[in-house]
Each structure stands twice: as structure tokens, then as C-alpha cells.
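Structural characterization, general
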Amino acid sequence: MKSLCLQPLLVPSSALVDRRVFFANHLTTKCFPKQLHFNSRCVVVSSYSSSSATLSAESEVEKKQVFDGDKAALLVRELRNNFDSGKTKSYEWRISQLEAIAKMLEEKENEIIDALHKDVSKPRLEAYITEVFQVKSSCNEALQELKHWMKPEKVSTSITTFPSSAEIVSEPLGVVLIISTWNFPFSLSLDPVIGAISAGNTVVLKPSEIAPATSSLLANLLEIYLDNSAVRVVEGSVPETTALLDQKWDKILYTGSARVGRIVMAAAAKHLTPVILELGGKCPAVVDSNINLQVTARRIIAGKWACNSGQACISVDYIITRKDFAPTLIAALKEELENFFGKDPIESKDMSRIVSPTQFARLVKLLDEDKASDKIVLGGQRDEKKLKIAPTILLDVPEEALVMQEEIFGPILPIITVDNIEDSYGIIKSRPKPLAAYLFTNNEQLKKDYVDKISSGGMLINDAVVHVATRGLPFGGVEESGMGCYHGKFSFDSFSHKKAVLYKGFDSDPDIRYPPYTPEKAKMLRAILDGNIFAIILALLGWSK
């Protein structure tokens, strides 16, 4: 669930280019704060300009307000000192922070939903289910399971270390950085923060500047509710993110585009910092004719247009179905779309808007391209003032069309037709591995083949998107769609180091393991390793030559 085109454009610190000139040439002030002010807890963006970016000479006072590398280094150093004090390792501290988040969610639910509506016009119910409830669920699970998660895991030992015992101890990594995105700006910020806190780390959260209302709210709420000596929020855009990435972290989690993911990974590599990258890709939905048509249509709509207007990295990006079944599927989608959003979906209050004019223009370009414009079989209407595009379906758009070359991240849905449903495998495999892959069928063999032959971050049969709400399943990508995973226990594990610990006493110390390695010792060691019981007994008795 990520931003595709409006992710921060980052420049490594070693780039041989004047950063101000670079940013001035490439970015608008929708990505730059008009004014930044700082306190000891967080960086707060006070307002945003909508005009084209021009970076003029700054006064000395303005320069001091910039969150630069020195301030980032100071922040990391302070958090590392607080981590080294040991306070965040205790069960009591972790629980106190989780309880504070739970309290915040109860007390500030309306403010959170209001901020989400300001940023993306999310319907209130959708905002609650996909954002607030998701975080509540994550927090409640951590509160219930934390003691069990923290408990060392017993491991059996071998004859070569007898007598001994062993366990795996989960210890916090240290200071972690979480860079979240704009399309689910609340849940994709706090869900990994919950995991990092549960594991006992100190945390810096960098929310997306493209969702300024939610970013500002997160900064204010986390300052009020959480322990600011261990959890901080840094607001801002490219300069702030770049300054943070220049620092040494113990882990980085980034949600966004593959392009920026490469930059994050390159910055992390300088310090050998492990990363979790939650990216995306073109998520396919293969639709067989052996289905409940109405249910399938409703679930596809829920996984596309009712999911932040398609602005989600796990939303259905394109459909593959049989040529003779496509008209039937399109008719069902059309009927259910009208049931959901009315005859004029642009006026519906149950659809989110496109996040920005830039994203809107990008989506319109996909629709108006010559290769795609005559393939529209449903929708295509748009309202630039409202930043809304009606649910749009394209049929058999050519492979070289822009809409099939990039992740759509909006309310446009191409349908590709094939003669046999099994032909869909080759189409999916010809693309980078997606974050999610969907299949609608009642054919059991087709289900088995799809799971076996299609590689994706996650997979869902006969529904879309809702697999991410199953806490027992990991959420993460593969290859181009990401690396690493989180959610529930997987979050705790991802922000923990699994330390191997072996315990031995001093009672038994046979000479056989020590030099000089005589032929007799060699025979005895082989007998022990081979399981010769008589030789093992002699070794346990401390046999020597």
C-alpha cells in the first residue's frame, strides 16, 4: 500500500550535484514545507504551498531551522543513548507504550478520521476499517501476546554439546527508522511502530508529507501519548528524509515505490543496515468462469475502487479472464458498481479522491493515450476540481500501452482476455513478481496450480485485499515487490535479533575433544558422531588414553 509517483525523490549524500538546484528542478512545493519549526520532540510542518517550487537564498535564521544531517545525527545519538540505558527492553515499558497507543486510538478516533478525510477524502467507514481498526487490531494483539513473544524459545541440543541446553532469545535491534507513505498514512505509520516498540526498540517515524494533515496529527499525538525519549516523529520531505538516511540505523522499514526503495537500500548498504521494503507492483486477478458472478464482482470492486479508489499497492491492478467470459464479467461489474456508487460515481461520498493534481494528471495521461482511449468500455469520466475519476474498465488494451507498463494506483482497471485460463500464468510470469495475486474460481485443480506456479508476496483465492487483515499471515513482497515482512508476530520478529544461546556446565569435560588428536581419539569421536552407544558411554565418563 504505497505511493507510486509522489514518493520523495532522494539524493544520496555523495551525489556530485548541488542539492538545492536538483530539488528546485524536480519537485513542487507540495513536497516541501513552506515553514518548519522545531521543538525537542518532533519536526512539525506548519503549512504547504501549492505553487511551483523555487528555492531562493535563505537567511541565516531559516538555515538554522532546517532539519539537516547534524540534527539527524544528534537525534539518533540521543535515541541510541536511551536505548543503551536498557529502559525499552523491559516488558513493563513496552506494555506501557502499547497501552498508550490503545488509549490514543480510543480518545482521538474522530481526529484521526478527520485528518484522513482532509488528505485523501476517505469515507469515514473506510477510514475506520482500513486505518483505525487495523491499528487497533495490531495493538491489541501485541498487548495480548507480548509476554509470549518475548519468552525465549527452547531448542534441542546435539550429542556433540552434551550435557547442555539451548534457547533462542529475542533481543531488540536498537534504533530503527520507519518511513511511511500517504495512501494509508495512519495505519502504515503506526502498524510498524507497534512492532518496533513491541520488540523493545527506540523509533523514529517519518510520515509522508503528501498526507500533511495525518503527518501533523501523528507528530502531535505521539508526542503527547508516547515516551519521547524513545519514540520521535520527524516531519518534512526530501531534505529531512535524506538527512535521516545518511545516519546509521539498526533497521529501516520503507513503504513506497521501487524507485525510492532502491535509494533507501543504497543508503542502508553504506552502514550494512538491514531493510524491510514494502513496495508493490501490478497485482493480477485471474477470473475463471466457474464462479459466483455477483460475489466475484462485488469482491473485485471492494479490492479496487472501494480500496482508496485503487490507490493501494495490493489493489487489483488488472484482470485476466477468458475472451468469451469477459462481456459477462464486465456486465456484472457495471451493475454492482452502480449499486455501490450510483449512476454518477464522481458524486459518490463513498469513493476516495485522487491524492493530488499530479497523480490525477498521471492517471488521465494513462486513459488518454492513443493505445488506451479507444479501449474504454466503462467509465472514463473525470473531474479535475474534485480530483475524482469514475471507475473505469478497459478491455484488451495492448501490452505496450502505458497503463500496462506501470502500476496504475488509481481507479482504472484493464481486462486482458485469453483463450484458456491457464494462459494467464505466462502473462503474470512475464512481469516482475507482484505484492499480491488473486484468483477467482471453484476449480480445485486451478487453485492448486495457481498457488504452485505463481510467485507473489501474498495470495488470495476468491477475494481481494482482505488477506492483509489476517494477523497470522506475513505481509511483504518478493523481488521487485519488496523484501522482508511484518504484521503481528512477524513485526516483532522483524524488529528483533534472534540470539542463539547455549548453556553448559563444568561437570563433564572429556579429553577426547582436545589435542593431541591421537588415532584412538579419532576412532572414539567417529563412534560418538555415528551414534555408537558404547563409545558414547566411555566419553561421558571422561575416557582418555
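Cut-offs applied
Residues numbered from 1 in each chain as written. Predicted model: local features only at pLDDT ≥ 70, side-chain atom pairs only at ≥ 80, totals over all residues. Heavy atoms only, no water. Helix = DSSP H or I, 4+ residues; strand = E, 2+ residues; numbered from the N terminus. Phe/Tyr/Trp six-rings, centres within 6.5 Å; stacked < 30°, edge-to-face > 60°. Buried < 20%, exposed > 50% of the residue type's maximum accessible area, 1.4 Å probe, protein only. Lys NZ or Arg CZ within 6 Å of the ring centre and 35° of its normal. Right-handed = clockwise from strand over helix to strand, strands pointing away. Axes fitted to C-alpha atoms, helices over the stretch in contact; angles between N-to-C directions. Parallel < 35°, antiparallel > 145°, perpendicular 65-115°, else oblique. Left-handed = near helix turned anticlockwise from the far one by under 90°. Contact = heavy atoms within 4.5 Å. Nonpolar A, V, L, I, M, F, W, Y, C, P; charged D, E, K, R; others polar. Salt bridge = Lys/Arg side-chain N within 4 Å of Asp/Glu carboxyl O. Pairing = 2+ DSSP bridges. pLDDT = per-residue confidence, 0-100. Disulfide = S-S within 2.5 Å. Arc of directions from axis to C-beta. Polar contact = N/O pair within 3.5 Å; in protein donor to acceptor, adjacent residues only side chain to side chain.

1. Topic: the environment of Asp84
With respect to the helices, strands and loops of the structure, Asp84 is situated in helix α3 (residues 69-84). With 90 residues separating them in the primary sequence, Asp84 and Gly174 have C-alpha atoms 8.1 Å apart.

2. Points about the packing of aromatic side chains
All chains considered together, the criterion is met by six aromatic pairs. The interplanar angle of 45° and the centroid separation of 6.3 Å between the aromatic rings of Tyr128 and Phe133 together place this pair among those described as tilted. On the accessibility criterion, Tyr128 (24% relative accessible area) is partly exposed. On the numbers, 5.7 Å between centres and 40° between planes, the contact of Trp149 with Phe492 is tilted. Highlighted residues: Trp149 in helix α6 (residues 124-150) and Phe492 in helix α17 (residues 489-494), separated in sequence by 343 residues. Here Trp149 matches Phe492 in class, with each residue buried. Taking the ring centre of Tyr318 as reference, the NZ or CZ of Arg431 above it sits at 5.4 Å.

3. With respect to the pairing of strand β11 (residues 318-322)
Counting buried positions along β11 yields four of five residues, so the element is predominantly enclosed. Following the chain from strand β10 (residues 284-287) across helix α11 (residues 293-302) to the adjacent parallel β11, one finds a crossover that is right-handed.

4. Focus: the packing of helix α5 (residues 109-120) against α6
Closest axis-to-axis distance for the α5/α6 pair is 10 Å, and the angle between their directions is 125°. By the criterion of interaxial angle, the relationship of α5 to α6 is oblique. Judged by the twist between their axes, the crossing of α5 over α6 is right-handed. Each of Glu109, Asn110, Ile112, Ile113, Asp114 and Leu116 in α5 lies in contact with α6, whose residues at this interface are Arg124, Ala127, Tyr128, Glu131, Val132 and Lys136. Of the residues assigned to the contact of α5 with α6, the class counts are six nonpolar, one polar and five charged.

5. Quick notes on the pattern of salt bridges
Considering all chains together, one arrives at 27 salt bridges under this definition. With a closest N to O distance of 2.4 Å, Glu78 and Arg232 form a salt bridge. Separated by 154 residues along the polypeptide, Glu78 in helix α3 and Arg232 in strand β7 (residues 231-234) bring together distant segments of the chain. Here Asp250 ties to Arg80 by a salt bridge, and the two come within 2.9 Å at their closest N and O atoms. Taken as a pair, Asp250 in the loop between α9 (238-245) and β8 (251-255) and Arg80 in helix α3 lie far apart in primary sequence, 170 residues in all.

6. Details of the packing of α6 against helix α7 (residues 187-198)
Where α6 contacts α7, the two axes come as close as 9 Å, and the packing angle between them is 10°. In terms of axis orientation, α6 runs roughly parallel to α7. Mapping the contact onto sequence places Thr130, Glu131, Gln134, Val135, Ser138, Cys139, Ala142 and Leu146 in α6 and Ser187, Leu190, Asp191, Ile194 and Ser198 in α7. Looking at side-chain class alone, the contact of α6 with α7 contains six nonpolar, five polar and two charged residues.

7. Some details on the sheet that holds strand β20 (residues 496-504)
Overall, antiparallel pairing links the three strands, which are arranged β3-β4-β20 in an open sheet. Two strands close off the open sheet at either side, each with one partner strand: β3 (153-155) and β20. Neighbouring strand axes in the sheet, compared pairwise and without regard to direction, differ in orientation by 30° on average. Sheet topology places β3 next to strand β4 (residues 164-172); three bridges connect them, and they run antiparallel. Within β4, the position partnered with Lys154 by the bridge is Glu167.

8. What about the sheet that holds β10?
The sheet built from seven strands is open, its strands ordered β12-β15-β16-β11-β10-β17-β18 with mixed pairing. The outermost strands of the open sheet, each flanked by one partner alone, are β12 (376-378) and β18 (458-461). Strand after strand, the sheet turns through a mean of 25° between neighbouring axes, direction not considered. Pairing of β12 with strand β15 (residues 392-395) involves two bridges; the strand directions are antiparallel.

9. Quick notes on the confidence of the model for the protein
Per-residue confidence for the protein averages 88 on the pLDDT scale, and 86% of its residues sit at or above 70. A low-confidence stretch, residues 1-64 stays under pLDDT 50, and its non-local contacts, those more than four residues away or across chains, total 153 contacts.

10. Side note on the state of the cysteines
Scanning the entire structure with this criterion turns up zero disulfides. Summary of cysteine pairing: Cys307 is not part of a disulfide, and the nearest cysteine sulfur, belonging to Cys313, is at 8.8 Å.

11. As for helix α16 (residues 444-453)
Within α16, the full set of buried residues consists of Leu446, Lys447 and Tyr450. Angular distribution of buried residues about the axis of α16 spans 105°; they occupy a single face of the element. Residues of α16 that are exposed and point over 90 degrees away from its buried face: Lys448 and Asp452. Here the buried face of α16 lies against β10, α15 (424-429), β17 (436-440) and β18. Two or three places before Gln445, at the opening of α16, Asn443 has a side-chain oxygen 2.9 Å from that residue's backbone nitrogen.

12. Observations concerning the pairing of β4
Inspection of the sheet shows β4 paired to β20 by nine bridges, in the antiparallel sense. Among the inter-strand pairings, Ala166 is bridged to a residue of β20, identified as Leu502.

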